[in-house]
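# Geometric and topological summary
The chain contents come next:
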Amino acid sequence: AVNDSEVTPFTVPSYACQRRSTLENHNAVLTDALSLLAENAELSDEDGRGVAFRRAAAVLKALPSAVTNMSQLTGLPCLGGHSLRVIKDILENGTSSEVESTKESERFKALKVLTGIFGVGSKTADRWIREGIHNLQQLRDSGQTLNRAQQAGLEHYDDIKQPVSLAEAEAIRGIVGRAVASVSPEAQIVLTGGFRRGKLTGHDVDFLITHPEEGSEVGLMPKLVSWLESRVSCHLQNVLLICDVIFLCAFQQERIKRCEIKLLALRCRITYSEQDETTASPSTTERRWRAVRVDLVVSPISQFAFALLGWTGSKLFERELRRWAGHEKGMSLSSHALYDNKQGRYIRASSEEEIFAHLGLEFIPPNERNA
Ligand code: DGT
Ligand code: MG
(Lines give C-alpha, C1' and ligand atoms only; values in the text may rest on other atoms or scores of the structure.)
(Ligands and ions follow the chains in the order given, each with its own letter.)
Protein backbone atom coordinates (compact mmCIF):
# COMPACT_ATOMS: atom_id res chain seq x y z
CA ALA A 1 0.00 0.00 0.00
CA VAL A 2 1.16 3.48 -0.83
CA ASN A 3 1.75 5.71 2.13
CA ASP A 4 -0.19 8.96 1.85
CA SER A 5 2.87 11.04 2.57
CA GLU A 6 4.64 9.67 -0.52
CA VAL A 7 1.83 10.64 -2.87
CA THR A 8 2.40 13.67 -5.06
CA PRO A 9 -0.88 15.39 -5.85
CA PHE A 10 -1.66 16.09 -9.49
CA THR A 11 -1.96 19.68 -10.64
CA VAL A 12 -4.06 20.98 -13.52
CA PRO A 13 -5.25 24.48 -14.47
CA SER A 14 -8.89 25.14 -13.60
CA TYR A 15 -10.42 25.88 -17.01
CA ALA A 16 -10.62 23.02 -19.53
CA CYS A 17 -9.56 25.47 -22.27
CA GLN A 18 -6.20 25.89 -20.49
CA ARG A 19 -5.52 22.15 -20.67
CA ARG A 20 -4.52 19.72 -23.38
CA SER A 21 -7.02 16.89 -23.37
CA THR A 22 -6.25 14.16 -25.87
CA LEU A 23 -8.44 11.12 -26.47
CA GLU A 24 -6.14 9.14 -24.21
CA ASN A 25 -7.85 8.79 -20.86
CA HIS A 26 -6.13 7.07 -17.93
CA ASN A 27 -9.19 7.33 -15.74
CA ALA A 28 -11.97 6.01 -17.94
CA VAL A 29 -13.65 4.06 -15.15
CA LEU A 30 -13.98 7.21 -13.06
CA THR A 31 -14.90 9.52 -15.94
CA ASP A 32 -17.51 7.07 -17.29
CA ALA A 33 -19.13 7.04 -13.86
CA LEU A 34 -19.16 10.83 -13.56
CA SER A 35 -20.39 11.22 -17.15
CA LEU A 36 -23.30 8.91 -16.43
CA LEU A 37 -24.29 11.05 -13.44
CA ALA A 38 -23.92 14.14 -15.66
CA GLU A 39 -26.16 12.59 -18.27
CA ASN A 40 -28.75 11.68 -15.65
CA ALA A 41 -28.72 15.25 -14.31
CA GLU A 42 -29.07 16.71 -17.82
CA LEU A 43 -31.94 14.36 -18.62
CA SER A 44 -33.62 15.49 -15.39
CA ASP A 45 -33.25 19.17 -16.32
CA GLU A 46 -30.62 19.78 -13.67
CA ASP A 47 -28.08 21.42 -15.93
CA GLY A 48 -26.05 22.95 -13.11
CA ARG A 49 -25.41 19.55 -11.58
CA GLY A 50 -24.73 18.16 -15.04
CA VAL A 51 -22.01 20.73 -15.72
CA ALA A 52 -20.43 20.12 -12.32
CA PHE A 53 -20.06 16.39 -13.09
CA ARG A 54 -18.80 17.15 -16.63
CA ARG A 55 -16.15 19.52 -15.26
CA ALA A 56 -15.04 16.96 -12.68
CA ALA A 57 -14.80 14.27 -15.36
CA ALA A 58 -12.78 16.61 -17.59
CA VAL A 59 -10.24 17.22 -14.81
CA LEU A 60 -9.72 13.46 -14.41
CA LYS A 61 -9.42 13.02 -18.19
CA ALA A 62 -6.55 15.52 -18.18
CA LEU A 63 -4.46 13.62 -15.60
CA PRO A 64 -1.24 11.99 -16.86
CA SER A 65 -1.92 8.67 -15.11
CA ALA A 66 -4.58 6.71 -13.25
CA VAL A 67 -5.74 7.94 -9.86
CA THR A 68 -5.02 5.31 -7.20
CA ASN A 69 -5.32 7.30 -4.02
CA MET A 70 -7.68 10.08 -2.95
CA SER A 71 -4.77 12.18 -1.67
CA GLN A 72 -3.53 12.61 -5.24
CA LEU A 73 -6.61 14.75 -5.83
CA THR A 74 -5.84 17.31 -3.14
CA GLY A 75 -6.03 20.81 -4.54
CA LEU A 76 -7.44 19.82 -7.94
CA PRO A 77 -10.05 22.23 -9.32
CA CYS A 78 -13.71 21.40 -10.09
CA LEU A 79 -13.93 18.35 -7.82
CA GLY A 80 -16.93 18.97 -5.59
CA GLY A 81 -17.97 16.89 -2.59
CA HIS A 82 -20.40 14.80 -4.60
CA SER A 83 -17.87 13.92 -7.32
CA LEU A 84 -15.23 13.13 -4.69
CA ARG A 85 -17.63 10.72 -2.92
CA VAL A 86 -18.24 8.90 -6.19
CA ILE A 87 -14.49 8.68 -6.92
CA LYS A 88 -13.75 7.44 -3.41
CA ASP A 89 -16.46 4.82 -3.67
CA ILE A 90 -14.97 3.49 -6.92
CA LEU A 91 -11.37 3.54 -5.66
CA GLU A 92 -12.38 1.65 -2.51
CA ASN A 93 -15.10 -0.70 -3.78
CA GLY A 94 -14.56 -0.92 -7.52
CA THR A 95 -18.00 0.57 -8.21
CA SER A 96 -20.17 3.43 -7.04
CA SER A 97 -23.52 2.42 -5.62
CA GLU A 98 -25.06 5.69 -6.80
CA VAL A 99 -23.88 5.13 -10.36
CA GLU A 100 -25.05 1.51 -10.36
CA SER A 101 -28.49 2.36 -9.00
CA THR A 102 -28.88 5.25 -11.48
CA LYS A 103 -27.91 2.98 -14.36
CA GLU A 104 -30.48 0.40 -13.27
CA SER A 105 -33.27 2.84 -12.49
CA GLU A 106 -36.39 2.52 -14.66
CA ARG A 107 -36.60 6.27 -14.99
CA PHE A 108 -33.05 6.71 -16.30
CA LYS A 109 -33.46 3.82 -18.73
CA ALA A 110 -36.74 5.24 -20.03
CA LEU A 111 -35.31 8.76 -20.35
CA LYS A 112 -32.39 7.42 -22.36
CA VAL A 113 -34.55 5.41 -24.74
CA LEU A 114 -37.11 8.16 -25.28
CA THR A 115 -34.66 11.05 -25.69
CA GLY A 116 -32.74 8.81 -28.08
CA ILE A 117 -35.58 9.48 -30.50
CA PHE A 118 -34.65 12.36 -32.74
CA GLY A 119 -36.77 15.38 -31.83
CA VAL A 120 -37.60 14.24 -28.30
CA GLY A 121 -36.15 16.27 -25.44
CA SER A 122 -36.16 15.58 -21.72
CA LYS A 123 -39.41 17.50 -21.09
CA THR A 124 -41.40 15.44 -23.59
CA ALA A 125 -39.79 12.22 -22.36
CA ASP A 126 -40.65 13.12 -18.77
CA ARG A 127 -44.30 13.77 -19.69
CA TRP A 128 -44.52 10.43 -21.48
CA ILE A 129 -42.94 8.60 -18.53
CA ARG A 130 -45.56 10.13 -16.24
CA GLU A 131 -48.17 8.72 -18.62
CA GLY A 132 -46.63 5.27 -18.26
CA ILE A 133 -44.63 5.19 -21.50
CA HIS A 134 -41.18 3.70 -20.92
CA ASN A 135 -40.12 2.23 -24.26
CA LEU A 136 -40.62 2.49 -28.00
CA GLN A 137 -43.35 -0.15 -28.18
CA GLN A 138 -45.37 1.56 -25.45
CA LEU A 139 -44.93 4.83 -27.32
CA ARG A 140 -46.13 3.30 -30.61
CA ASP A 141 -49.12 1.73 -28.84
CA SER A 142 -50.00 4.88 -26.91
CA GLY A 143 -51.44 6.85 -29.80
CA GLN A 144 -49.40 9.91 -28.76
CA THR A 145 -49.28 12.55 -31.46
CA LEU A 146 -45.76 12.79 -32.80
CA ASN A 147 -44.46 15.66 -34.91
CA ARG A 148 -42.73 14.93 -38.22
CA ALA A 149 -39.25 14.94 -36.72
CA GLN A 150 -40.28 12.52 -33.98
CA GLN A 151 -42.04 10.20 -36.45
CA ALA A 152 -38.91 10.03 -38.58
CA GLY A 153 -36.79 9.68 -35.44
CA LEU A 154 -38.84 6.70 -34.33
CA GLU A 155 -38.69 5.14 -37.78
CA HIS A 156 -34.89 5.47 -37.99
CA TYR A 157 -34.22 4.87 -34.29
CA ASP A 158 -31.81 1.95 -34.70
CA ASP A 159 -29.78 3.66 -37.42
CA ILE A 160 -29.41 6.90 -35.56
CA LYS A 161 -28.43 5.18 -32.34
CA GLN A 162 -25.63 3.37 -34.14
CA PRO A 163 -22.37 5.37 -34.13
CA VAL A 164 -21.11 6.87 -37.37
CA SER A 165 -17.65 5.62 -38.36
CA LEU A 166 -14.86 7.80 -39.71
CA ALA A 167 -15.16 5.99 -43.07
CA GLU A 168 -18.85 6.89 -43.22
CA ALA A 169 -18.08 10.47 -42.22
CA GLU A 170 -15.53 10.73 -45.03
CA ALA A 171 -17.97 9.22 -47.51
CA ILE A 172 -20.61 11.74 -46.49
CA ARG A 173 -17.99 14.47 -46.75
CA GLY A 174 -17.73 13.41 -50.41
CA ILE A 175 -21.46 13.74 -51.00
CA VAL A 176 -21.92 17.03 -49.20
CA GLY A 177 -18.71 18.32 -50.80
CA ARG A 178 -20.10 17.53 -54.23
CA ALA A 179 -23.38 19.21 -53.39
CA VAL A 180 -21.55 22.32 -52.16
CA ALA A 181 -19.31 22.42 -55.25
CA SER A 182 -22.27 22.23 -57.58
CA VAL A 183 -24.27 25.00 -55.92
CA SER A 184 -21.24 27.25 -55.31
CA PRO A 185 -17.97 26.14 -56.95
CA GLU A 186 -15.68 28.27 -54.79
CA ALA A 187 -17.30 27.48 -51.47
CA GLN A 188 -15.23 25.51 -48.98
CA ILE A 189 -16.31 22.77 -46.63
CA VAL A 190 -14.63 21.43 -43.49
CA LEU A 191 -15.46 18.55 -41.22
CA THR A 192 -15.86 19.85 -37.67
CA GLY A 193 -17.19 18.29 -34.44
CA GLY A 194 -15.66 15.19 -32.92
CA PHE A 195 -14.11 13.93 -36.16
CA ARG A 196 -11.99 17.10 -36.38
CA ARG A 197 -10.78 16.32 -32.86
CA GLY A 198 -9.54 12.93 -34.05
CA LYS A 199 -12.44 10.80 -32.83
CA LEU A 200 -13.02 7.62 -34.83
CA THR A 201 -16.79 7.55 -34.26
CA GLY A 202 -19.50 10.10 -33.65
CA HIS A 203 -23.23 10.50 -33.14
CA ASP A 204 -23.42 12.71 -36.21
CA VAL A 205 -21.24 14.33 -38.88
CA ASP A 206 -20.70 18.07 -38.57
CA PHE A 207 -19.80 20.31 -41.51
CA LEU A 208 -18.95 23.98 -41.74
CA ILE A 209 -19.24 25.71 -45.10
CA THR A 210 -18.00 29.13 -46.12
CA HIS A 211 -17.18 31.18 -49.23
CA PRO A 212 -13.92 33.14 -49.72
CA GLU A 213 -15.87 36.21 -50.79
CA GLU A 214 -17.91 37.83 -48.00
CA GLY A 215 -21.60 37.84 -48.91
CA SER A 216 -21.38 35.07 -51.48
CA GLU A 217 -22.45 32.57 -48.83
CA VAL A 218 -25.89 34.21 -48.71
CA GLY A 219 -28.51 31.86 -50.11
CA LEU A 220 -26.11 28.92 -50.13
CA MET A 221 -27.94 26.91 -47.46
CA PRO A 222 -31.35 26.78 -49.19
CA LYS A 223 -29.67 25.88 -52.49
CA LEU A 224 -27.61 23.20 -50.80
CA VAL A 225 -30.66 21.81 -49.11
CA SER A 226 -32.66 21.59 -52.35
CA TRP A 227 -29.73 19.99 -54.11
CA LEU A 228 -29.38 17.41 -51.36
CA GLU A 229 -33.10 16.71 -51.33
CA SER A 230 -32.87 15.04 -54.69
CA ARG A 231 -31.29 11.63 -54.82
CA VAL A 232 -27.61 11.88 -55.49
CA SER A 233 -24.91 9.41 -56.30
CA CYS A 234 -21.25 9.82 -56.98
CA HIS A 235 -18.00 7.92 -57.27
CA LEU A 236 -15.13 8.79 -55.01
CA GLN A 237 -12.05 6.72 -55.58
CA ASN A 238 -13.27 3.19 -54.92
CA VAL A 239 -16.44 4.16 -53.27
CA LEU A 240 -19.82 4.55 -54.87
CA LEU A 241 -22.10 6.68 -52.79
CA ILE A 242 -25.81 6.77 -53.20
CA CYS A 243 -27.68 9.02 -50.97
CA ASP A 244 -31.23 10.06 -50.25
CA VAL A 245 -31.84 12.95 -47.99
CA ILE A 246 -34.79 12.98 -45.71
CA PHE A 247 -35.52 15.74 -43.32
CA LEU A 248 -36.20 14.65 -39.83
CA CYS A 249 -38.01 17.81 -38.97
CA ALA A 250 -40.95 19.76 -40.15
CA PHE A 251 -38.68 21.91 -42.16
CA GLN A 252 -37.60 24.97 -40.25
CA GLN A 253 -37.18 28.03 -42.46
CA GLU A 254 -35.86 29.84 -39.43
CA ARG A 255 -32.89 27.54 -39.13
CA ILE A 256 -32.16 27.71 -42.84
CA LYS A 257 -32.06 31.48 -42.54
CA ARG A 258 -29.75 31.25 -39.52
CA CYS A 259 -27.65 28.93 -41.63
CA GLU A 260 -27.58 26.16 -39.06
CA ILE A 261 -29.25 22.87 -39.69
CA LYS A 262 -28.91 20.20 -37.09
CA LEU A 263 -31.80 18.12 -38.07
CA LEU A 264 -30.93 16.62 -41.35
CA ALA A 265 -30.44 12.93 -41.92
CA LEU A 266 -28.73 11.57 -44.94
CA ARG A 267 -29.90 8.12 -45.83
CA CYS A 268 -26.84 6.63 -47.36
CA ARG A 269 -25.95 3.45 -49.10
CA ILE A 270 -22.24 3.16 -49.38
CA THR A 271 -20.95 0.67 -51.91
CA TYR A 272 -17.27 -0.07 -51.83
CA SER A 273 -16.02 -1.29 -55.21
CA GLU A 274 -12.56 -2.72 -54.89
CA GLN A 275 -10.61 -3.53 -58.00
CA ASP A 276 -9.46 -7.11 -57.67
CA GLU A 277 -5.88 -7.24 -58.96
CA THR A 278 -5.95 -10.87 -60.10
CA THR A 279 -9.14 -10.76 -62.11
CA ALA A 280 -9.15 -7.04 -62.85
CA SER A 281 -12.89 -7.05 -62.27
CA PRO A 282 -14.49 -4.94 -59.63
CA SER A 283 -15.90 -6.71 -56.59
CA THR A 284 -18.48 -4.80 -54.72
CA THR A 285 -19.44 -4.96 -51.12
CA GLU A 286 -22.79 -3.39 -50.67
CA ARG A 287 -23.91 -2.00 -47.41
CA ARG A 288 -27.54 -1.63 -46.56
CA TRP A 289 -29.12 1.80 -46.31
CA ARG A 290 -28.72 3.61 -43.08
CA ALA A 291 -29.73 7.01 -41.77
CA VAL A 292 -26.97 9.29 -40.52
CA ARG A 293 -27.40 12.59 -38.73
CA VAL A 294 -25.62 15.46 -40.38
CA ASP A 295 -25.24 19.02 -39.08
CA LEU A 296 -24.65 21.72 -41.68
CA VAL A 297 -23.54 25.21 -40.78
CA VAL A 298 -22.87 28.00 -43.28
CA SER A 299 -20.78 30.91 -42.08
CA PRO A 300 -19.65 34.16 -43.73
CA ILE A 301 -15.87 34.21 -44.11
CA SER A 302 -15.58 37.08 -41.58
CA GLN A 303 -17.02 34.75 -38.91
CA PHE A 304 -15.40 31.56 -40.14
CA ALA A 305 -12.72 31.27 -37.44
CA PHE A 306 -15.34 31.71 -34.69
CA ALA A 307 -17.64 29.17 -36.32
CA LEU A 308 -14.79 26.69 -36.75
CA LEU A 309 -13.75 27.06 -33.12
CA GLY A 310 -17.37 26.94 -31.92
CA TRP A 311 -18.39 23.84 -33.87
CA THR A 312 -15.28 21.76 -33.23
CA GLY A 313 -16.09 21.14 -29.57
CA SER A 314 -15.95 19.34 -27.31
CA LYS A 315 -19.10 20.77 -25.76
CA LEU A 316 -17.37 21.20 -22.43
CA PHE A 317 -14.31 22.79 -24.05
CA GLU A 318 -16.63 25.32 -25.74
CA ARG A 319 -18.46 26.04 -22.53
CA GLU A 320 -15.17 26.58 -20.71
CA LEU A 321 -13.87 28.89 -23.44
CA ARG A 322 -16.98 31.07 -23.04
CA ARG A 323 -16.67 30.97 -19.24
CA TRP A 324 -13.00 31.96 -19.48
CA ALA A 325 -13.79 34.78 -21.89
CA GLY A 326 -16.56 36.13 -19.66
CA HIS A 327 -15.06 35.66 -16.20
CA GLU A 328 -11.37 36.20 -16.85
CA LYS A 329 -11.32 38.58 -19.82
CA GLY A 330 -14.60 40.51 -19.74
CA MET A 331 -15.38 39.30 -23.24
CA SER A 332 -18.28 37.45 -24.86
CA LEU A 333 -17.41 34.61 -27.20
CA SER A 334 -19.89 32.91 -29.54
CA SER A 335 -19.60 30.92 -32.75
CA HIS A 336 -20.11 34.20 -34.59
CA ALA A 337 -17.89 36.71 -32.84
CA LEU A 338 -15.77 37.87 -29.91
CA TYR A 339 -16.94 41.04 -28.15
CA ASP A 340 -14.89 43.06 -25.70
CA ASN A 341 -17.37 44.21 -23.06
CA LYS A 342 -15.11 46.91 -21.58
CA GLN A 343 -14.05 48.48 -24.86
CA GLY A 344 -17.51 47.96 -26.32
CA ARG A 345 -16.23 46.57 -29.61
CA TYR A 346 -15.97 43.40 -31.66
CA ILE A 347 -12.56 41.82 -32.08
CA ARG A 348 -11.78 40.41 -35.51
CA ALA A 349 -9.94 37.16 -36.05
CA SER A 350 -9.21 35.15 -39.16
CA SER A 351 -7.88 31.99 -37.51
CA GLU A 352 -8.43 29.94 -34.37
CA GLU A 353 -4.88 30.82 -33.31
CA GLU A 354 -5.79 34.51 -33.29
CA ILE A 355 -8.87 33.89 -31.16
CA PHE A 356 -6.84 32.02 -28.53
CA ALA A 357 -4.31 34.87 -28.58
CA HIS A 358 -7.05 37.49 -28.07
CA LEU A 359 -8.30 35.45 -25.13
CA GLY A 360 -4.81 35.28 -23.62
CA LEU A 361 -4.76 31.50 -23.95
CA GLU A 362 -2.13 29.17 -25.31
CA PHE A 363 -3.34 27.67 -28.60
CA ILE A 364 -4.83 24.21 -28.14
CA PRO A 365 -5.11 22.19 -31.38
CA PRO A 366 -8.36 20.33 -32.12
CA ASN A 367 -7.06 16.89 -31.10
CA GLU A 368 -6.28 18.28 -27.63
CA ARG A 369 -9.76 19.77 -27.12
CA ASN A 370 -11.30 16.46 -26.05
CA ALA A 371 -12.25 17.74 -22.59
P1 DGT B 1 -20.21 13.46 -31.52
O2 DGT B 1 -21.02 13.97 -32.67
O3 DGT B 1 -20.99 12.57 -30.62
O4 DGT B 1 -18.93 12.82 -31.95
O5 DGT B 1 -19.73 14.71 -30.65
P6 DGT B 1 -19.37 16.15 -31.13
O7 DGT B 1 -18.28 16.64 -30.27
O8 DGT B 1 -19.19 16.21 -32.61
O9 DGT B 1 -20.64 16.96 -30.67
P10 DGT B 1 -21.85 17.55 -31.52
O11 DGT B 1 -21.94 16.91 -32.85
O12 DGT B 1 -23.07 17.50 -30.66
O13 DGT B 1 -21.49 19.07 -31.67
C14 DGT B 1 -20.25 19.52 -32.19
C15 DGT B 1 -19.93 20.86 -31.65
O16 DGT B 1 -20.81 21.80 -32.20
C17 DGT B 1 -20.14 20.95 -30.15
O18 DGT B 1 -18.95 20.81 -29.50
C19 DGT B 1 -20.65 22.32 -29.92
C20 DGT B 1 -21.21 22.74 -31.22
N21 DGT B 1 -22.68 22.80 -31.21
C22 DGT B 1 -23.55 21.78 -31.18
N23 DGT B 1 -24.81 22.24 -31.22
C24 DGT B 1 -24.72 23.58 -31.30
C25 DGT B 1 -25.68 24.64 -31.41
O26 DGT B 1 -26.89 24.43 -31.43
N27 DGT B 1 -25.17 25.92 -31.49
C28 DGT B 1 -23.84 26.17 -31.50
N29 DGT B 1 -23.42 27.42 -31.58
N30 DGT B 1 -22.92 25.21 -31.40
C31 DGT B 1 -23.35 23.94 -31.30
MG1 MG C 1 -20.70 15.61 -33.94
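Residues numbered from 1 in each chain as written. Chains lettered and ligands numbered in written order. Predicted model: local features only at pLDDT ≥ 70, side-chain atom pairs only at ≥ 80, totals over all residues.

- Under an unreviewed UniProt entry, the name given to the protein chain is DNA-directed DNA/RNA polymerase mu, and the source organism is Poecilia formosa.
- Per UniProt, the protein chain carries the Subcellular location (unreviewed entry) text "Nucleus".
- The heading Sequence similarities (unreviewed entry) in the UniProt record of the protein chain holds the text "Belongs to the DNA polymerase type-X family." (UniProt positions renumbered as here; feature names shortened; annotations may be inferred.)

## Digging into the overall build of the protein chain
- Regarding its fold elements, the protein chain presents 16 helices and twelve strands.
- Burial analysis of the protein chain (371 residues in total) assigns 33% to the buried set.
- Pairs at least 24 apart in sequence give 67% of the contacts found in the protein chain among residues at least 6 apart. (Helix = DSSP H or I, 4+ residues; strand = E, 2+ residues; numbered from the N terminus. Buried ≥ 20, exposed ≤ 12 C-beta atoms within 10 Å, placed from the backbone. Contact = placed C-beta atoms within 7 Å.)

## Focus: unusual backbone geometry
- Of note, the amide linkage connecting G313 to S314 takes the cis form, showing an omega dihedral of -5 degrees.
- Secondary-structure assignment places S314 in the loop between α14 (304-312) and α15 (315-329).
- In this structure, C78 is a non-glycine residue whose phi angle is positive, near 65 degrees.
- Here C78 is to be found in the loop between α2 (47-61) and α3 (81-93).
- Owing to 20 C-beta atoms within 10 Å, C78 belongs among the buried residues under this scheme.

## Some words on the packing of helix α1 (residues 28-43) against α2
- At a minimum axis distance of 7 Å, the contact between α1 and α2 shows a crossing angle of 165 degrees. Between α1 and α2, the interaxial angle falls into the category roughly antiparallel. Here α1 runs over α2; the crossing is left-handed. Residues L30, T31, L34, S35, L37, A38, A41 and E42 of α1 lie in contact with α2, whose contacting residues are D47, R49, G50, F53, R54, A56, A57, L60 and K61. (Axes fitted to C-alpha atoms, helices over the stretch in contact; angles between N-to-C directions. Parallel < 35°, antiparallel > 145°, perpendicular 65-115°, else oblique. Left-handed = near helix turned anticlockwise from the far one by under 90°.)

## Describing the confidence of the model for the protein chain
- Mean pLDDT over the protein chain stands at 87; residues scoring 70 or higher make up 82%.
- Predicted complex metrics record ipTM = 0.96 and pTM = 0.89. (pLDDT = per-residue confidence, 0-100.)

## Observations concerning the sheet that holds strand β12 (residues 345-347)
- Pairing is antiparallel in the open sheet, where three strands are placed in the order β10-β11-β12. Only two strands of the sheet have a single neighbouring strand rather than two, namely β10 (331-333) and β12. Within the sheet, the average angular offset between the axes of one strand and its neighbour, ignoring direction, is 25 degrees.
- Across three bridges, strand β11 (residues 338-340) lies against β12 in antiparallel orientation. Looking across to β12, one finds that Y339 is bridged to Y346. (Pairing = 2+ DSSP bridges.)

## A word on the site of ligand 1
- Around ligand 1 lies a shell of 14 residues, among which G193, G194, G202, H203 and G313 are the nearest.
- Mapped by element, the contributors of at least two residues to the shell around ligand 1 are α11 (193-196), α14 and α15.
- Partitioned by chemical class, the residues of the shell around ligand 1 number one nonpolar, eight polar and five charged. (Near = placed C-beta within 6 Å. Nonpolar A, V, L, I, M, F, W, Y, C, P; charged D, E, K, R; others polar.)

## As for the pairing of strand β9 (residues 290-298)
- In terms of burial, β9 is largely enclosed, as seven of its nine residues are buried.
- Pairing of strand β4 (residues 205-210) with β9, which is carried by five bridges, proceeds in the parallel orientation. Looking at β9, one finds that F207 is bridged to L296.

## Quick notes on α14
- Most of α14 is tucked away, with nine of its nine residues classed as buried.
- Among the residues of α14, those classed as buried are F304, A305, F306, A307, L308, L309, G310, W311 and T312.
- Two residues or fewer after α14 comes G313, characterised by a positive phi angle close to 75 degrees.

## Thoughts on the UniProt feature "binding site: Mg(2+)" (unreviewed entry) in the protein chain
- Mapped onto the present numbering, the UniProt feature "binding site: Mg(2+)" (unreviewed entry) falls at D204, D206 and D295. In terms of the greatest pairwise C-alpha distance, the residues named above, spread along 92 residues, form a tight cluster of at most 7.2 Å across.
- With respect to the helices and strands, D204 occurs in the loop between β3 (201-202) and β4.
- Here D204 is in contact with V164, G193, R293, V294 and D295, once residues within four sequence places are set aside.
- Here D295 lies in strand β9.
- Take D295: there are 17 C-beta atoms within 10 Å of it, and that puts it in the partly exposed class.

## A closer look at the environment of I160
- Here I160 shows up in helix α9 (residues 157-161).
- For I160, a count of 22 C-beta atoms within 10 Å corresponds to the buried category.
- C-alpha of I160 to C-alpha of H203: the two residues are 43 residues apart in sequence and 7.6 Å apart in space.

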